[in-house]
Amino acid sequence: PAWGANYAVPDLSPEFLSDDSFRSLAHAGANGMFIYGDFILYAKGTKFPELEHPDAAKHLQTLREATERALNYGVQLHYVAVSPKLPPDHALFKRRPDVRGAQISSQFGPIHGLCSSNADALAFHADVMGRLFREAPELAGLVCIIGGESYYHCFMRVAGAPVGQTNCPHCRGKQPEEQIANLLRVTADAVTAHAPHAKILAWPYSASYHWSNEPHQLKLIDRLPANVSLLSEIDKEQTVQRGAITKKLWDYSLDFDGHSDRIVAQAIRCKRRNRDLFIKTETSHGIELLHFPYSPAIGRSARQWQSVRALQPSGVLQRWGFIGMFDSAAERIGWQARWDPDFTPTGAAIRVARQLVGDWAPQLVAAWTHFDKAVHHIPVLTTGGYYIGPAFLGPAHPLPVWNPPEAIPKAFFGNFYYLAETEASLSTARAAAQDNLTLSSTAQLEGPADAIADEFAKARDAAHEGHKILAALKTADMPPSIREEFVEQQALGEYLYRQFRSTVNVIRFLHLKEGGVPLTDKRLRDIAQDDLENARDALSIYQRAPWLNHKLRLDVGVPDTTDMIKAKVKLLENYLRDS
């Protein structure tokens, strides 16, 4: 999706998804956009009246109109469908207990999917998907995430069962790959009966954590129906070494610019089976720097695009829904990678820099090169989980100067929207949740705290070199368009440096505190003094680049960044005064 575009079904009317979104996509050389959400919103005329939605006809009309509006700009919509997840006492299960599938692991009480080996449950999928593509014939395709979320079957996220097994009494003892392939066959046949052009993509995202006993899902590829293609990630499941830390890429990485062993094996198998391969990547965005609209490590992004190109995919899903697409330096690299047959990473970076800042391109590329090195030192994907810790909150992240440890100020709480994945379908209970955004224990880190801090310190120092190059530029005499671009580049470069600086401070402070060092110790006070200076200096970033404010995010609920920094400054001032 474009930045600010709604992609959640059924709200795809011009009020939520404007034609400007499609114009932006076309401008960037993209010919598709994904939409996402519960497919029971489109259920009518099925075998299960208990699951039919009273507004399904209206929702289908809205979807059809959105596909037609998008097509005016050469853009087609691809639906990432989410299956029903229902409480065990749902009216459908009371009437038809045989269609109740596996219990899904959830923190919000027991929920179940539909049984993926039940003929009527499979027919329900076919009824909904067939009608969907019959009534919205310009819909380009269906993306079925059959790994760890979204398109559920009886081997996905099963509560209390080992990987590859299930608690569904009807599916117990069966082979996951056979059941999943059959669900995909029923789905694809229903779709292509009405829309032969439609692409049906099977995406085994995180399958090895939830049902696959082999790392590359080759047995699934062997069983996929002829009218189903594979979609898989360029980077996931690879292991790399960053200093003393073995870094597991369990999700999208902007540090790793190669192709994983897994995607290579999958590409070879797809070629052997004469099956189309689609690749999921991120356009200079990754879990490591989840708040950045794009990472200024532009050369690294260009090299990752080269890795995508090398596998010759049939198509690319180039962004998930963290931050939308916009006309950034990173998107311009992606445009060239997709459409220039003579693409080279070095040439593309120089060309984009010249497009953006003209004669000042060498200085910009020099700064990007330092940012490339900085990002390459990031030793972990997250500092505590999605949207948690200083690698997300940056210089707004507080130092844990409080006692007891659980006394975390409420200024640093938000809402993790993605956890709604484990709620019952159409539930809104999670909307009121308050989630801790802070790294409050080194146990949240994936590795030894001292070694992780050491690598982040190298990232900080490299980013500082890039920041100094950009900060030294005198922009007052530049043409307005170039000056505006440098404001963006300077803000991103400084934010990268100050985020790494804060990350080092938080981890080292926590490590010492957990080691029994009293809060009055000079080592902790010195860290606090540095972090106070960093936070104060960071405030001006959000004045120059208000689009970096966390409160503007659409994929997670976060307080205003300047309010968090002010709360942090007050905490540190009180700590340094009283200790």
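We now turn to the structure provided with this report. From a predicted model like this one, the values you see are computed outputs, not experimental measurements. (Residues numbered from 1 in each chain as written. Predicted model: local features only at pLDDT ≥ 70, side-chain atom pairs only at ≥ 80, totals over all residues. Heavy atoms only, no water.)

**A word on the overall build of the protein**
Link 1 in the chain: Regarding its fold elements, the protein presents 17 helices and 13 strands.
Link 2 in the chain: Scaling as 2.2 N^0.38, a compact globule of 579 residues should have a C-alpha radius of gyration of about 25 Å, and the protein matches this with 24 Å.
Link 3 in the chain: Principal axes of the C-alpha set define a box for the protein whose edges measure 70 × 55 × 45 Å.
Link 4 in the chain: Taking all 579 residues of the protein together, 60% fall into the buried category.
Link 5 in the chain: Working note: accessible area of the protein is about 21,700 Å², and carbon and sulfur atoms make up 51% of it.
Link 6 in the chain: The positive charge centre, built from 62 side chains, and the negative charge centre, built from 65, are 2 Å apart in the protein. (Helix = DSSP H or I, 4+ residues; strand = E, 2+ residues; numbered from the N terminus. Rg over C-alpha atoms; globule rule 2.2 N^0.38 Å. Buried < 20%, exposed > 50% of the residue type's maximum accessible area, 1.4 Å probe, protein only. Areas by Shrake-Rupley, 256 points an atom, 1.4 Å probe, with all protein chains shown as cover. Lys, Arg positive; Asp, Glu negative; His and termini not counted. Charge placed at Lys NZ, Arg CZ, Asp CG, Glu CD.)

**What to know about helix H1 (residues 19-27)**
One turn of an α-helix holds 3.6 residues; hence residues three or four places apart share an orientation.
Link 1 in the chain: Regarding H1, the residues found buried are Ser-21, Phe-22 and Leu-25. The buried residues of H1 occupy an angular sector of 95 degrees when the element is viewed end-on, so they sit on one face.
Link 2 in the chain: Contacts made by the buried residues of H1 are with strand E1 (32-38), helix H2 (56-71) and strand E2 (76-82). (Arc of directions from axis to C-beta. Contact = heavy atoms within 4.5 Å.)

**Concerning the sheet that holds strand E10 (residues 277-280)**
Link 1 in the chain: The strand order across the open sheet built from seven strands is E1-E2-E5-E6-E7-E10-E11, with neighbouring strands paired in parallel fashion. Strand pairing shows two members of the sheet lacking a second neighbour, E1 and strand E11 (315-317), which therefore form its edges. When strand polarity is set aside, the average angle formed by the axes of neighbouring strands in this sheet is 30 degrees.
Link 2 in the chain: Taken together, the three bridges between E10 and E11 define a ladder with parallel strand orientation. Across the sheet, Lys-280 pairs through a bridge with Leu-317, a residue of E11. (Pairing = 2+ DSSP bridges. Axes fitted to C-alpha atoms, helices over the stretch in contact; angles between N-to-C directions.)

**Considerations on helix H5 (residues 176-192)**
Link 1 in the chain: Compared with an ideal rise of 1.5 Å per residue, which puts 17 residues at 24 Å, H5 spans 24 Å between its outermost C-alpha atoms and is within 8% of the ideal.
Link 2 in the chain: Of all 17 residues that make up H5, 13 are buried, and the element is covered over most of its length. (Expected span 1.5 Å × (residues − 1).)

**So, the packing of helix H4 (residues 119-135) against H5**
Link 1 in the chain: In the contact formed by H4 and H5, the axes pass within 7 Å of each other and the chain directions differ by 30 degrees. As far as their axial angle goes, H5 and H4 are roughly parallel. Crossing hand, H4 versus H5: right-handed. Judged by residue contacts, Leu-122, His-125, Ala-126, Met-129, Gly-130 and Phe-133 of H4 engage Asn-182, Leu-183, Val-186, Thr-187, Ala-190 and Val-191 from H5.
Link 2 in the chain: Of the residues assigned to the contact of H4 with H5, the class counts are eight nonpolar, four polar and no charged. (Parallel < 35°, antiparallel > 145°, perpendicular 65-115°, else oblique. Left-handed = near helix turned anticlockwise from the far one by under 90°. Nonpolar A, V, L, I, M, F, W, Y, C, P; charged D, E, K, R; others polar.)

**Comments concerning the pairing of E1**
Link 1 in the chain: Among the seven residues of E1, five are classified as buried, and the element is accordingly described as predominantly covered.
Link 2 in the chain: In this sheet, E2 lies alongside E1 in parallel orientation, the contact comprising seven bridges. Counted as the bridge partner of Asp-38 is Val-82 from E2.
Link 3 in the chain: Regarding the hand of the β-α-β motif, the stretch spanning E1, H2 and E2 is right-handed. (Right-handed = clockwise from strand over helix to strand, strands pointing away.)

**So, the packing of aromatic side chains**
Each aromatic ring pair is summarised here by two numbers: the centre-to-centre distance and the angle between the ring planes.
Link 1 in the chain: All chains considered together, the criterion is met by 25 aromatic pairs.
Link 2 in the chain: Seen in terms of ring centroids, Trp-3 and Phe-326 are 4.7 Å apart; in terms of plane orientation they differ by 65 degrees. Their pairing is edge-to-face. With Trp-3 in the segment before H1 and Phe-326 in the loop between E11 and helix H10 (329-339), this residue pair connects regions lying 323 residues apart in the sequence.
Link 3 in the chain: You can call Trp-3 partly exposed: its relative accessible area is 36%.
Link 4 in the chain: When its relative accessible area of 17% is taken as the criterion, Phe-326 is described as buried.
Link 5 in the chain: Aromatic pair Trp-203 and Trp-320: ring centres 5.7 Å apart, planes at 80 degrees, arrangement edge-to-face. You can see Trp-203 sitting in strand E6 (residues 199-203) and its partner Trp-320 sitting in the loop between E11 and H10, a full 117 residues away along the chain. The pair Trp-203 / Trp-320 is uniform in exposure class, with both members buried. (Phe/Tyr/Trp six-rings, centres within 6.5 Å; stacked < 30°, edge-to-face > 60°.)

**Brief notes about the environment of Arg-272**
Link 1 in the chain: With respect to the helices and strands, the residue Arg-272 is situated in helix H8 (residues 261-272).
Link 2 in the chain: In the structure, Arg-272 is positioned 50 residues away from Asp-222 in sequence and 9.5 Å away in space, judged by C-alpha atoms.

**Overview of the pairing of strand E8 (residues 238-242)**
Link 1 in the chain: In E8, alternate side chains face the same way, and those of Gln-238, Val-240 and Arg-242 are buried while those of Thr-239 and Gln-241 on the opposite face are not.
Link 2 in the chain: Hairpin remark: E8 followed by strand E9 (residues 245-249), antiparallel, with two residues in the connecting loop; positive phi at Gly-243, about 65 degrees.

**Regarding the state of the cysteines**
Link 1 in the chain: Going through the model one piece at a time under the given rule, you end up with zero disulfides.
Link 2 in the chain: In this structure Cys-144 is not part of a disulfide, and its nearest cysteine sulfur, from Cys-270, lies 15 Å away.
Link 3 in the chain: Given the relative accessible area of 0%, Cys-144 is considered buried.
Link 4 in the chain: Residue Cys-171 stays outside any disulfide, its sulfur separated by 3.7 Å from that of Cys-115, the closest cysteine. (Disulfide = S-S within 2.5 Å.)

**Here we look at the side chain of Asp-340**
Link 1 in the chain: For Asp-340, the position within the fold is in the loop between H10 and helix H11 (345-357).
Link 2 in the chain: A distance of 2.9 Å separates a polar side-chain atom of Asp-340 from the backbone nitrogen of Asp-342.
Link 3 in the chain: Beyond its immediate chain neighbours, meaning those up to four positions away, Asp-340 contacts Arg-309, Trp-335 and Arg-351. (Polar contact = N/O pair within 3.5 Å; in protein donor to acceptor, adjacent residues only side chain to side chain.)

**Points about the packing of helix H9 (residues 298-310) against H10**
Link 1 in the chain: The N-to-C vectors of H9 and H10 enclose an angle of 25 degrees; their axes lie 10 Å apart at closest approach. As judged from the angle between their axes, H9 and H10 are roughly parallel. The handedness of the crossing between H9 and H10 comes out as right-handed. Counting all contacts with H9, which are made through Ile-298, Ala-302, Trp-305 and Arg-309, the residues of H10 involved are Ala-329, Ala-330, Ile-333, Gly-334, Gln-336, Ala-337 and Arg-338.
Link 2 in the chain: The residue inventory of the contact of H9 with H10, partitioned by class, reads seven nonpolar, two polar and two charged.

**A few points about the pattern of salt bridges**
Link 1 in the chain: As enumerated under the stated definition, the model contains 38 salt bridges in all.
Link 2 in the chain: The closest approach of N and O atoms between Asp-257 and Arg-300, which form a salt bridge, is 3.2 Å. Of this pair, Asp-257 sits in the loop between E9 and H8 while Arg-300 is found in helix H9, placing the two residues 43 residues apart along the sequence.
Link 3 in the chain: Between Asp-435 and Arg-430 there is a salt bridge; the shortest N-O distance is 2.2 Å. With respect to burial, Asp-435 and Arg-430 carry one shared label: buried.
Link 4 in the chain: The network of salt bridges with common partners includes Arg-242, Lys-247, Asp-255 and Glu-288. (Salt bridge = Lys/Arg side-chain N within 4 Å of Asp/Glu carboxyl O.)

**Quick notes on the side chain of Arg-269**
Link 1 in the chain: Within the secondary structure, Arg-269 sits in helix H8.
Link 2 in the chain: With sequence-adjacent residues up to four places away left out, Arg-269 is seen in contact with Leu-218, Ile-221 and Asp-222.

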